[in-house]
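# Structural overview
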Amino acid sequence: MEKTKVNIIDGLSLAERHTFALAARSSHALMLEDEQQLPSISPPSDRIQGKYWLLGEGSNTLFLEDIDALIIQVLLKGKGVIKEDQDFIWLRAAAGEHWDDFVSYSLTQGGFGLENLSWIPGSVGAAPIQNIGAYGVEVEAYIEVIKCWDFFRHQWVSIAKSDCDFSYRNSNFKSCWRGRYLITEVVFKLPKVPNVNTSYPDIDRALEASLPTPEMVREAVISVRKKKLPDPKQLPNAGSFFKNPILSQSDFNRLKSKFTDMVGFKIPGDQVKVAAGWLLEYLGFKGHRDGQFGCYCKQALILVNHLDGGSVSSGQDLRVYIRTICDSVRATFGLELEVEPVMVDQQLIDRLPLNSVL
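Residues numbered from 1 in each chain as written. Predicted model: local features only at pLDDT ≥ 70, side-chain atom pairs only at ≥ 80, totals over all residues. Heavy atoms only, no water.

## Digging into the state of the cysteines
- Counted according to the given criterion, the structure contains 0 disulfides.
- Cys176 takes part in no disulfide bond, and the closest cysteine sulfur to it belongs to Cys164, at a distance of 10 Å.
- Judged by its relative accessible area of 53%, Cys176 is exposed.
- The closest cysteine sulfur to the non-disulfide-bonded Cys297 is located on Cys295, 11 Å from its own sulfur. (Disulfide = S-S within 2.5 Å. Buried < 20%, exposed > 50% of the residue type's maximum accessible area, 1.4 Å probe, protein only.)

Below you can see the structure in the form of structure tokens.
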């Protein structure tokens, strides 16, 4: 296999590479703009010692400390129509494409379903990893196949949706496959007949039409998200910081009898997804601040990094703040909060079982 020359960068600041903007550096980095670069970094040289971490736009990643590893930032571009029939259109998008740009593109091509996922930060390649979702829709519903570079076998592979074990904000890419596959392209199968989802009250209230189109739903989603979520360029954050706890209907009813305003949404399996943002707001964390870190004043579920002078806090300080929030939720509601973004430190990279095969 012919190898393409790659340019390995020594010493890269990661503060600008993840939206929470914690101060950290990597020992090496590669800006992946051509998938033909991938065979050239397998196997590793002594210079990078086989340790690596895959990165998209950094909207769901926090670098807690300096990293001794090769950061591979996926910048692959390109999108287009693969095929279509009377009912569906198949679209491809390279992993480095900006997610919201692709959602907009899908609508212009007559493919519907992704409009509820508008304005979610990040890249196309990151979407299946955490099975992004919003306002009653998860991306797994529209994924057909995922094309990847397999670091274990040193070859390109195509992985069917059925093999990814998608679940709430999770997939095999985020769990048992972490570090093995680098997603290079995602293929989506989208219906050509719209079936809009306006089940969430915020979206329903934002719509002024009784028969909304997918384009109108997209505009409503963007409007709602802009009102609730801070721009990470102005106030660093990683989006929704905690997953919504999932309870049985009976457990939810028990809590709601005590906390009558508790917000929850029914999901399949006689379960209820509890709004983590409501839990934090009830406990007074909305607008709360402890030193450099805090919860956003308009949405308690968004942890923010106040870069406004003074001493610079560390990843360990952030862990302490997270523990304060989780302990409070546990003490009051008996619920365990789970962090949604990936918290990256050297220990996490060192224990990845497949890191040695790069």
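## Considerations on the pairing of strand S6 (residues 79-84)
- Across 5 bridges, S6 lies against strand S7 (residues 88-94) in antiparallel orientation. Residue pairing for S7: Lys83 is matched across the bridge by Trp90.
- Counting the residues in the hairpin turn of S6 and S7 gives 3 residues. (Pairing = 2+ DSSP bridges. Helix = DSSP H or I, 4+ residues; strand = E, 2+ residues; numbered from the N terminus.)

## Regarding the sheet that holds strand S11 (residues 155-160)
- Strand order in the open sheet formed by 5 strands is S6-S7-S12-S10-S11, and the pairing between neighbours is antiparallel. Strands with a single pairing partner mark the edges of an open sheet, and in this sheet they are S6 and S11. Ignoring strand direction, the axes of neighbouring strands in this sheet form an average angle of 20°.
- With 7 bridges joining them, S7 and strand S12 (residues 181-191) adopt antiparallel strand pairing. What sits directly across from Ala94, in S12, is Glu185. (Axes fitted to C-alpha atoms, helices over the stretch in contact; angles between N-to-C directions.)

## Digging into the pattern of salt bridges
- By the definition in use, this model includes 17 salt bridges.
- With a closest N to O distance of 2.7 Å, Arg330 and Glu336 form a salt bridge.
- Through salt bridges with shared partners, a single network forms among Arg92, Lys147 and Glu185. (Salt bridge = Lys/Arg side-chain N within 4 Å of Asp/Glu carboxyl O.)

## A look at helix H3 (residues 214-228)
- Taking 1.5 Å per residue, 15 residues should reach 21 Å; H3 reaches 21 Å between its end C-alpha atoms and fits that length.
- All of the buried residues in H3 are Pro214, Val217, Arg218, Ala220, Val221, Ile222, Val224 and Arg225.
- Buried-residue contacts for H3 involve helix H1 (99-108), strand S8 (133-134) and helix H2 (201-206). (Expected span 1.5 Å × (residues − 1). Contact = heavy atoms within 4.5 Å.)

## Description of the sheet that holds strand S16 (residues 271-274)
- Taken in spatial order, the 3 strands make up an open sheet running S14-S16-S15, and their pairing is antiparallel. Across the chains shown, the open sheet's two edge strands, defined by having one partner strand only, are strand S14 (246-248) and strand S15 (264-267). Across this sheet, the average inter-strand angle for adjacent strands is 35°, counted without regard to direction.

## Side note on the packing of aromatic side chains
- Considering all chains together, one arrives at 20 aromatic pairs under this definition.
- Residues Phe259 and Tyr282 carry aromatic rings whose centres are separated by 5.4 Å and whose planes lie at 85° to one another, so their mutual orientation is edge-to-face. Residue Phe259 is located in the loop between helix H4 (249-258) and S15, and its partner Tyr282 is located in helix H5 (residues 276-282); the two are separated by 23 residues in the primary sequence.
- Since its relative accessible area comes to 7%, Phe259 is described here as buried.
- What links up through ring pairs into an aromatic cluster is the set Phe20, Phe241, Phe242 and Phe293. (Phe/Tyr/Trp six-rings, centres within 6.5 Å; stacked < 30°, edge-to-face > 60°.)

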